[in-house]
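One letter stands for each residue in the lines below.
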Amino acid sequence: ATSNAASAAVSINEELTAKRDRFVKQFAMSDGSYTAVTYSMPVHYKKGGNWNEIDTTLVKSGKKNYKTKATGLSIRVSRKANKKSVVSMKRGKTSLSVALKGKKVRAAKAKVSNPGKKAATDVLNQNRVTYKRVMKKTNVSYDIFPEKVQEILTIQKKQKRKALSFKMNTKLNV
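Residues numbered from 1 in each chain as written. Predicted model: local features only at pLDDT ≥ 70, side-chain atom pairs only at ≥ 80, totals over all residues. Heavy atoms only, no water.

Trainee: Just checking my understanding: could you explain the sheet that holds strand β1 (residues 12-15) for this structure?
Mentor: Hydrogen bonding along the main chain pairs the strands of a sheet, whether they run parallel or antiparallel. Pairing is antiparallel in the open sheet, where three strands are placed in the order β1-β2-β3. Two strands lie at the open edges of the sheet, namely β1 and β3 (34-38), each paired on one side alone. Neighbour to neighbour, the strand axes of the sheet diverge by 30° on average, direction disregarded. Here β1 runs beside strand β2 (residues 24-29); their pairing, made up of three bridges, is antiparallel. By the bridge assignment for β2, E15 is matched with F27. (Pairing = 2+ DSSP bridges. Helix = DSSP H or I, 4+ residues; strand = E, 2+ residues; numbered from the N terminus. Axes fitted to C-alpha atoms, helices over the stretch in contact; angles between N-to-C directions.)

Right, here's the structure in full:
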């Protein structure tokens, strides 16, 4: 019982940023011990020889877009679903953009959910953008992670149309 009471009082003093790697954070604890936390997806990206915190929080970028705050893969999303490029990703000179295509695509506004940090070990590397009723009875969401974007189509009722069209643009400059 004594050791449980003592360990409950231990707290994180600081992160040891020099000990970071792509998937690990290390912390100095108030009792003099150290704790390493390993994550299932990247939490840091390397820039200028340093491991920087990944933060996929979406912030306004100009009048028409949101962009990720700090990632090795630049991710942008449009504030409206009927744009030429709804989601675009870029690393170096390589880029990919995706958009739902068709005359019936509505200018649905993006609803952004940016989770906040509640504990020192929390990371800001997942959030969601949703475009509701982008087409009749159809929602499109994008889950944004440090190294990928996952598209989720929700069709609420059987539709007359038998297909959805997407436009993809890729650019590889070597």
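Trainee: I keep staring at a positive patch on the surface and nothing clicks. Help me out?
Mentor: On the surface, a cluster of positive charge is made up of K104, K136, K137, K157 and K160. Locating K136 in the fold gives a position in the loop between β12 (127-135) and β13 (138-144). Accessibility expressed as a relative area gives 63% for K136, which makes it exposed. (Patch = residues over 30% accessible without salt bridge, like charges linked within 9 Å, V, L, I, M, F, W, Y side chains within 5 Å. Areas by Shrake-Rupley, 256 points an atom, 1.4 Å probe, with all protein chains shown as cover. Salt bridge = Lys/Arg side-chain N within 4 Å of Asp/Glu carboxyl O. Lys, Arg positive; Asp, Glu negative; His and termini not counted. Charge placed at Lys NZ, Arg CZ, Asp CG, Glu CD. Buried < 20%, exposed > 50% of the residue type's maximum accessible area, 1.4 Å probe, protein only.)

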